[in-house]
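# Observations on the model geometry
Here is how the chains run, residue by residue.
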Amino acid sequence: MTHRDSTPPSANHLTETIRDAWALVVPVSCAGCGAPSRELCAECLDRLARRDGDTARALVRWSLADGTPGTAARPYDALLGAVLLACKEDARVGLLGPLAAVLEPALDVALREAIVCTAGRAPEIATVPASRRAARTRGFHPVERLVRRLGQRPVRPLRWSREPSDQRDFGRAQRFANLAGALRAPRPLDGRRFLLVEDVVTTGATAGESVRAIRAAGGAVLGVVALARVMP
Ligand SMILES: [Zn+2]
């Protein structure tokens, strides 16, 4: 498995270490409720971790239009949305740990199922590349950081062939039109099998376009994994 970040791993690692250290010394408010606190107050951390519930039972299972199985750690809710937004937009890396704990059961289940399908060979963990806009403003790829925290090495088999419009206010049909043909694999992917990891699946347009682009290059997608799915 190869790591295809354009930045050398050592520089990435140094930046991550500095950011993590910074997050510990700068006072912040809780990303969930805004109370003066650490990254997350104890109450929001408990709610996010669902310590009182059964995480395996909270998993959301569905299929993309093409039949690719999807596994999300939970249905999307306001708390998860607020924590994810603070992590992504404000680069609050102290939130990566709690978010990785949310993702873990979904990734575990999907990996186990994929390994059964591939006769014991683990699939590669693929992420969707950040748009140029997001890469400029964030400087880090939150989903890849989550995947690394769970002991996996993410790969980026795809590139944007054109910059899609910001689709936050788009409806379902607009999202699919915005993304159709927007991703491509720069190299052949013959014989490679992937699990695709995303943060939040809304319409499935990004996941669907990613699966199409990977298949077009000769690869296979055994499943899509997400932190949360916005329930239709
Ligand atoms: Zn809170």
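Above this text is the structure in question.
To start, this report covers the structure provided alongside it. Everything numeric here is computed off the predicted structure, so don't read it as measured data.

### Observations regarding the overall build of the protein chain
Counting its secondary structure elements, the protein chain contains nine helices and 10 strands. Burial analysis of the protein chain (232 residues in total) assigns 35% to the buried set.

### Things to note about the nonpolar core
Grouped together as the largest cluster of nonpolar side chains are 54 residues, with contacts concentrated most on V83, L99, L195, L196 and L227. Here this core gets nine residues from one element, more than from any other, and that element is helix α5 (residues 96-117). Contact partners of L227, with chain neighbours within four places excluded, come to A72, A73, L80, L84, L99, V102, L103, D199 and V200.

### Observations regarding the sheet that holds strand β6 (residues 154-155)
Taken together, six strands build an open sheet; the order of strands is β3-β4-β10-β9-β5-β6 and the sheet is mixed. Each of the sheet's edge strands pairs with one partner strand only, and the pair in question is β3 (60-63) and β6. Two strands pair when backbone bridges link them, and strand β9 (residues 193-201) and strand β10 (residues 220-229) are joined in this way by eight bridges, in the parallel orientation. Bridge pairing in β10 places R193 opposite A220. Docked against the sheet, α5 engages β4 (69-75), β9 and β10, running at close to 160° with respect to β10. Packing of helix α7 (residues 142-149) onto the sheet brings it into contact with β5 (124-127), β6 and β9, and relative to β9 it is tilted by some 120°.

### Remarks on helix α9 (residues 205-216)
Along its 12 residues, α9 runs 16 Å from first to last C-alpha, staying within 8% of the 16 Å computed at 1.5 Å per residue. Across the 12 residues that make up α9, a large majority, nine, are buried. Of the residues flanking the end of α9, it is G218, one or two places downstream, whose phi is positive at about 95°.

### What about the pairing of β3?
It is a general feature of regular strands that their side chains alternate between the two faces of the sheet. The sheet contact formed by β3 and β4 spans four bridges and is antiparallel. Following the sheet pairing, V60 is matched in β4 by A72. Counted between consecutive antiparallel strands, the loop separating β3 from β4 contains five residues, among which G67 sits at a positive phi close to 95°.

So, how was this worked out
- Residues numbered from 1 in each chain as written.
- Predicted model: local features only at pLDDT ≥ 70, side-chain atom pairs only at ≥ 80, totals over all residues.
- Helix = DSSP H or I, 4+ residues; strand = E, 2+ residues; numbered from the N terminus.
- Buried ≥ 20, exposed ≤ 12 C-beta atoms within 10 Å, placed from the backbone.
- Core = buried A, V, L, I, M, F, W, Y, C linked by C-beta atoms within 7 Å.
- Contact = placed C-beta atoms within 7 Å.
- Pairing = 2+ DSSP bridges.
- Axes fitted to C-alpha atoms, helices over the stretch in contact; angles between N-to-C directions.
- Expected span 1.5 Å × (residues − 1).

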